[in-house]
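Fold and geometry: a report
Chain by chain, the residues run as shown.
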Amino acid sequence: MDIEAQKRAAGEAALEFIEDHAVVGVGTGSTVKYFIDALARIKQRIDGAVSSSERSSALLRQHGIQVLDLNAVDPFAVYVDGADECDGRRNLIKGGGGALTREKIIAAVAKKFVCIVDTRKCVDVLGKFPLPVEVVPMARSYVARAIQKRGGQPVWRQGFTTDNGNWILDVHGLAITDPARLEAEWNQITGVVTVGLFAQRPADVVLVGDGRRY
């Protein structure tokens, strides 16, 4: 099965977690696009969606799905999103598309976090994919120096601004054996908005495009 077919299969598999008359949390990325396409087929069953990015919001609206303000909804049943890497304990690296902060907020609100990935995203140890860190612009250099002291190799994602008006440092050279600890420590660096590790709140279930789930 090719990669696009895997993405489509994973996105469609997530429909089983969608409850009638529910608000659905929707993430960002190429695999999530297939989920949104699938969600459009059952849009009459749901009450709307909350979205982690302007890009996903636009796609949801194109399909006629109402996009709601997260502040206006109660905790909801399920959030569906992809990942840049996923280990066997369902810890994730996210943020390749730059929406990590909003993704982390929606994941925190959702009762269940369903991650949809193709087989390339499954790894034994996180870190081959550069770890995104969202930073307040004026703190970029300071945060980069702090990360270097901690063994990372930060690269500014020049020309990119998040939907929150911030910048991204992509950190190379990591082998993240204790992702929850690194997430907690780096989130405390002054000027960091959030780190693209989802370990303190990992996925509850991972659906892989080849049919596996864990």
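The next point concerns the overall build of the protein chain. Counting its regular elements, the protein chain contains 6 helices and 12 strands. Against the compact-globule benchmark of 17 Å for 214 residues, the protein chain has a radius of gyration of 17 Å, which places it among compact chains. Overall size of the protein chain, expressed as C-alpha extent along the three principal axes, is 50 × 35 × 30 Å. By residue count, 53% of the 214 residues in the protein chain fall in the buried class. Taking the intrachain contacts of the protein chain between residues at least 6 apart in sequence as the baseline, contacts between residues at least 24 apart amount to 73%. When the accessible surface of the protein chain is split by element, carbon and sulfur atoms take 48% of a total near 9,700 Å². Between the mean site of the 27 positive side-chain charges and the mean site of the 26 negative ones, the protein chain shows a separation of 3 Å.

Glancing now at the pattern of salt bridges. Scanning all chains against the criterion turns up 17 salt bridges. In this structure, the salt-bridge partner of D81 is K94, at a minimum N-O distance of 2.7 Å. Highlighted residues: D81 in strand β3 (residues 78–81) and K94 in the loop between β5 (92–93) and α4 (100–109), separated in sequence by 13 residues. For K94, a relative accessible area of 2% corresponds to the buried category.

Turning to the side chain of E85, a few remarks are in order. Its place among the elements puts E85 in strand β4 (residues 85–86). A distance of 2.8 Å separates a polar side-chain atom of E85 from the backbone nitrogen of G127. There is a polar contact of 3.3 Å between the side chain of E85 and the backbone nitrogen of K128. The residues contacting E85, other than those within four sequence positions of it, are N91, L92, I93, K121, V123, V125, L126, G127, K128 and F129.

Where helix α1 (residues 3–13) meets helix α2 (residues 30–40), the closest approach of the two axes is 8 Å, and the angle between their N-to-C directions is 50 degrees. By the criterion of interaxial angle, the relationship of α1 to α2 is oblique. Crossing angle aside, the handedness with which α1 passes α2 is right-handed. Contacts between α1 and α2 pair E4, K7, R8, A10, G11 and E12 from the former with S30, T31, Y34, F35 and A38 from the latter.

Let us now look at the sheet that holds strand β11 (residues 197–198). Overall, antiparallel pairing links the 3 strands, which are arranged β4-β5-β11 in an open sheet. The sheet is open, and its two borders are formed by β4 and β11, each paired with just one other strand. Pairing geometry for β5 and β11, over 2 bridges, is antiparallel. The residue of β11 that forms the bridge with I93 is L197.

Axis separation between α2 and helix α3 (residues 54–62) bottoms out at 10 Å; the angle between their running directions is 25 degrees. The angle between α2 and α3 falls in the class roughly parallel. The way α2 lies across α3 gives a crossing that is right-handed. In this structure, α2 contributes K33, I36 and L39 to the contact, and α3 contributes S56, L59 and L60.

Analysis parameters
- Residues numbered from 1 in each chain as written.
- Predicted model: local features only at pLDDT ≥ 70, side-chain atom pairs only at ≥ 80, totals over all residues.
- Heavy atoms only, no water.
- Helix = DSSP H or I, 4+ residues; strand = E, 2+ residues; numbered from the N terminus.
- Rg over C-alpha atoms; globule rule 2.2 N^0.38 Å.
- Buried < 20%, exposed > 50% of the residue type's maximum accessible area, 1.4 Å probe, protein only.
- Contact = heavy atoms within 4.5 Å.
- Areas by Shrake-Rupley, 256 points an atom, 1.4 Å probe, with all protein chains shown as cover.
- Lys, Arg positive; Asp, Glu negative; His and termini not counted.
- Charge placed at Lys NZ, Arg CZ, Asp CG, Glu CD.
- Salt bridge = Lys/Arg side-chain N within 4 Å of Asp/Glu carboxyl O.
- Polar contact = N/O pair within 3.5 Å; in protein donor to acceptor, adjacent residues only side chain to side chain.
- Axes fitted to C-alpha atoms, helices over the stretch in contact; angles between N-to-C directions.
- Parallel < 35°, antiparallel > 145°, perpendicular 65-115°, else oblique.
- Left-handed = near helix turned anticlockwise from the far one by under 90°.
- Pairing = 2+ DSSP bridges.

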